[in-house]
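Read off the chains here:
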Amino acid sequence: MLGRRLQDRLLADARRRIARMTPEAAREYSISVWAYGMRVAENPSEHLDDDLGEMDMALATLQAVRERMSDAA
């Protein structure tokens, strides 16, 4: 499980990336991130820590996109 500080940092980084996108671009990006997460989940590597780190970044990105989409509505 990630520490709170690292979770906050991942989310802040994702929010900065998403903030520069239009709502449509953020939505399309979220689909790509979700698909990438599914590939990681379906084809795990030998290094579980790396996979979990990738999933943590994907989840933070999807949360930032959700926030961006609700702000745009």
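Conventions and cut-offs
Residues numbered from 1 in each chain as written. Predicted model: local features only at pLDDT ≥ 70, side-chain atom pairs only at ≥ 80, totals over all residues. Heavy atoms only, no water. Helix = DSSP H or I, 4+ residues; strand = E, 2+ residues; numbered from the N terminus. Contact = heavy atoms within 4.5 Å. Core = buried A, V, L, I, M, F, W, Y, C linked by side-chain atoms within 4.5 Å. Buried < 20%, exposed > 50% of the residue type's maximum accessible area, 1.4 Å probe, protein only. Salt bridge = Lys/Arg side-chain N within 4 Å of Asp/Glu carboxyl O. Expected span 1.5 Å × (residues − 1).

S.K.: Even after reading the chapter, I still don't get the environment of Arg17, so can you show me in this structure?
M.R.: Tracing the sequence through the fold places Arg17 in helix H1 (residues 4-19). For the pair Arg17 and Arg68, spaced 51 residues apart in sequence, the C-alpha separation works out to 11 Å. Apart from the residues lying within four places of it in its own chain, the contact partners of Arg17 are Tyr29 and Thr61.

S.K.: Got a minute to help me understand the nonpolar core in this structure?
M.R.: In globular proteins that are soluble, nonpolar side chains generally tend to be buried together. Among the nonpolar cores identified, the biggest contains nine residues, and these are Leu10, Leu11, Ala14, Ile18, Met21, Ala26, Ala60, Ala64 and Val65. When contributions to this core are tallied by element, the ones reaching two or more residues are H1 and helix H3 (48-72). Take this core: its biggest share by element is four residues, from H1. Those residues in contact with Ile18 that lie beyond four places of it in its chain are Ala26, Tyr29, Thr61, Ala64, Val65 and Arg68.

S.K.: Would you explain the pattern of salt bridges in this entry?
M.R.: A side chain of one charge can pair with a side chain of the opposite charge when the charged atoms of the two come close. Counted by the stated rule, this structure contains four salt bridges. Measuring nitrogen to oxygen at the nearest pair gives 3.4 Å for the salt bridge that ties Arg4 to Asp8. Taken as a pair, Arg4 and Asp8 lie in helix H1 at a separation of four residues, close to a single helical turn. Judged by relative accessible area, Arg4 falls into the exposed class, the value being 60%. With a relative accessible area of 38%, Asp8 lands in the partly exposed category. Close ionic contact of Asp13 with Arg16 constitutes a salt bridge, the shortest N to O distance being 2.2 Å. One end of the pair is Asp13 and the other is Arg16, both in helix H1 and three residues apart, which spans about a single turn. The class for Arg16 is partly exposed, based on a relative accessible area of 48%.

S.K.: Would you take a moment to explain H3 for this structure?
M.R.: In this model H3 runs 36 Å from its N-terminal to its C-terminal C-alpha over 25 residues, within 8% of the 36 Å that 1.5 Å per residue would give. Along H3, the residues classified as buried are Asp51, Ala58, Ala60, Thr61, Ala64 and Val65. Elements in contact with the buried residues of H3: H1 and helix H2 (23-42).

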